Amino acid sequence: MVSDPKPPRTIKAPSYFDALIPVVTLILLVGASVALFGLDAVNGPLQVAIIVSTMITSMVILKNGHSWEEISESGRKGIATVSGAIFILFSVGALIGTWNMSGTIPTMVYYGIVMIMPNWFYPIAFLVCVGVSLSIGSSWTTAGTLGVGLVGLANMLGLSPEITAGAVISGAYVGDKVSPLSESTVLAAQLNGVELYKHIRTQMWTTLPAAAIALIAFIALGINQHSAFDASVTDNELKRFNELFHITPWNLLPLFFLLTLSVLKVPASLAIMCSALLAGIMTPIMQPQVVLRFIAEPDTAAPLLAIKAMWTAMATGFQENSGIEQIDALLSRGGMDSMLLTIWLIIGAVTFGIMVDDFGLLNKLVTPLLLRARTVGRLIASVVATAIGLNIAAGDQYIALLLPTRLFKSEFARRGLAPENLSRAVSDAGIVTSPLIPWNSCGAYMAAVLGVSTMAYMPFAIFNIAAPLITLALGITGINIRRILVTAANTPQENDEKKSL
């Protein structure tokens, strides 16, 4: 006997109420986790809030007639989009461990204490990160290498690690936004059909003013900084560094090796891991006493001891017990396992984001914005609001870059607005604001590698705050809003808008 086939499922389009449930749930649970746990929310409560929000979203999707298999496939697709970021995080964790053990980070901090004047520390940190990020095109690599050393140096000098982290992130995102080697810069140009260097030239109208504002702000913060800098304490710390490590410029070889690989466009995770391995191999040659302190097994043969030290530093991080609290806090870090909380956060956030997009919930919320954007200024404000909203709701900068492009591209063309206007707006709002959100993959990464919570450094990520505001100002004033010819007949309202440009 042949069983009757199952009747086809009826798929209902999401209502506005359906679309609001996931977003409101996320806002309430994230807000509650921060209110109850404060800065410790990122150590688990925030992740729970996002995963519960994802479960509630899946219930809304099931109610509308979709199958659990479709929801599972959407989740798998979301996790696949961040597989590259996960490998980068693991590689950075390994790198921090071996760079501390090999003397790379101690050497950076040592020379920094000797050379840098505390009152000019913040602007120098900003400018150094601008130069490196422009050279290699990666905000993550810049923050995960130089940023780690600069924040550690700030702690040693009695300066603010929060302001330093803001300077590092501000400088790192200048290059991420306009370097021709940056993946996000290339992607923004390609998605909008804009020639790469035309996209970069258009970006300069917001990047240069935002960078100038950031530099002036960091100069002012540095001049007004009342640091706890004490020459006698610092001399003692320098002496202790010399006792613990063999300080030499050769210790910086892993840093220059990483910068070279990055300029050669070696994939980030591979370049970072190779640098971590080089630092681990160098350790028994340059710092044999460190290996003996770290792995206290005198009966183990020296080659096996070196291998075990490198393996442990990459897995669970390096531990130093110098007796000086600041040195121990700086160097006892790293390891792949230190990134697990961040990866948990990223997986939850991206799974939530991909679901609200795949099943039409996001589009339901964005469409009213598009209908109300009757002027060019309002249209660009809608792009900015959508991109920032996606950074909050979806937790990933690439989603915040890709989806607004897809949603607004035809509307920009219909109104005779050149595509580089859209590529600039989504870059300023989607890429640059991503490290300001604690549960965004970029915000979680920066907090993890710099050791400063997202909410603590957020007010000092001045470039990242200024860039989208300048984009809004250009849209409202019409400055540098570029036009194209429209082949279809235009409405009188559209012609008036183009004349106003």
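Computed from a prediction, not measured in an experiment: that's the story for all the values here. (Residues numbered from 1 in each chain as written. Predicted model: local features only at pLDDT ≥ 70, side-chain atom pairs only at ≥ 80, totals over all residues. Heavy atoms only, no water.)

**So, the environment of Pro 468**
So, step 1. Looking at the element boundaries, Pro 468 is found in helix α24 (residues 462-477).
So, step 2. On the basis of relative accessibility, which here comes to 7%, the residue Pro 468 falls in the buried class.
So, step 3. For the pair Pro 468 and Ser 427, spaced 41 residues apart in the sequence, the C-alpha separation amounts to 8.7 Å.
So, step 4. Those residues in contact with Pro 468 that sit more than four places away from it in its chain are Asp 428, Ala 429 and Thr 433. (Helix = DSSP H or I, 4+ residues; strand = E, 2+ residues; numbered from the N terminus. Buried < 20%, exposed > 50% of the residue type's maximum accessible area, 1.4 Å probe, protein only. Contact = heavy atoms within 4.5 Å.)

**Let's talk about the confidence of the model for the chain**
So, step 1. Mean pLDDT over the chain works out to 83, with 91% of the residues at or above the 70 mark.
So, step 2. Across the chain, the element-wise mean pLDDT spans from 41 in helix α25 (residues 492-500) up to 94 in α24.
So, step 3. Confidence drops under a pLDDT of 50 for residues 488-501, and excluding neighbours within four residues, the segment shows 18 contacts in the predicted structure. (pLDDT = per-residue confidence, 0-100.)

**Structural notes on the environment of Leu 270**
So, step 1. Considering the arrangement of structural elements, one finds Leu 270 in helix α13 (residues 268-286).
So, step 2. For Leu 270, a relative accessible area of 46% gives the class partly exposed.
So, step 3. For the pair Leu 270 and Leu 403, spaced 133 residues apart in sequence, the C-alpha separation works out to 28 Å.

**Side note on the packing of helix α6 (residues 121-136) against helix α12 (residues 253-263)**
Two quantities define a packed helix pair, namely the angle between the helix axes and the distance between the axes.
So, step 1. Where α6 contacts α12, the axes come no closer than 8 Å and their chain directions differ by 45°. Classified by the interaxial angle, the pair formed by α6 and α12 is oblique. Packed against α6, whose contacting residues are Val 132, Ser 135 and Ile 136, the element α12 presents Leu 259, Ser 262 and Val 263 at the interface.
So, step 2. Across the contact of α6 with α12, the residue classes break down as four nonpolar, two polar and no charged. (Axes fitted to C-alpha atoms, helices over the stretch in contact; angles between N-to-C directions. Parallel < 35°, antiparallel > 145°, perpendicular 65-115°, else oblique. Nonpolar A, V, L, I, M, F, W, Y, C, P; charged D, E, K, R; others polar.)

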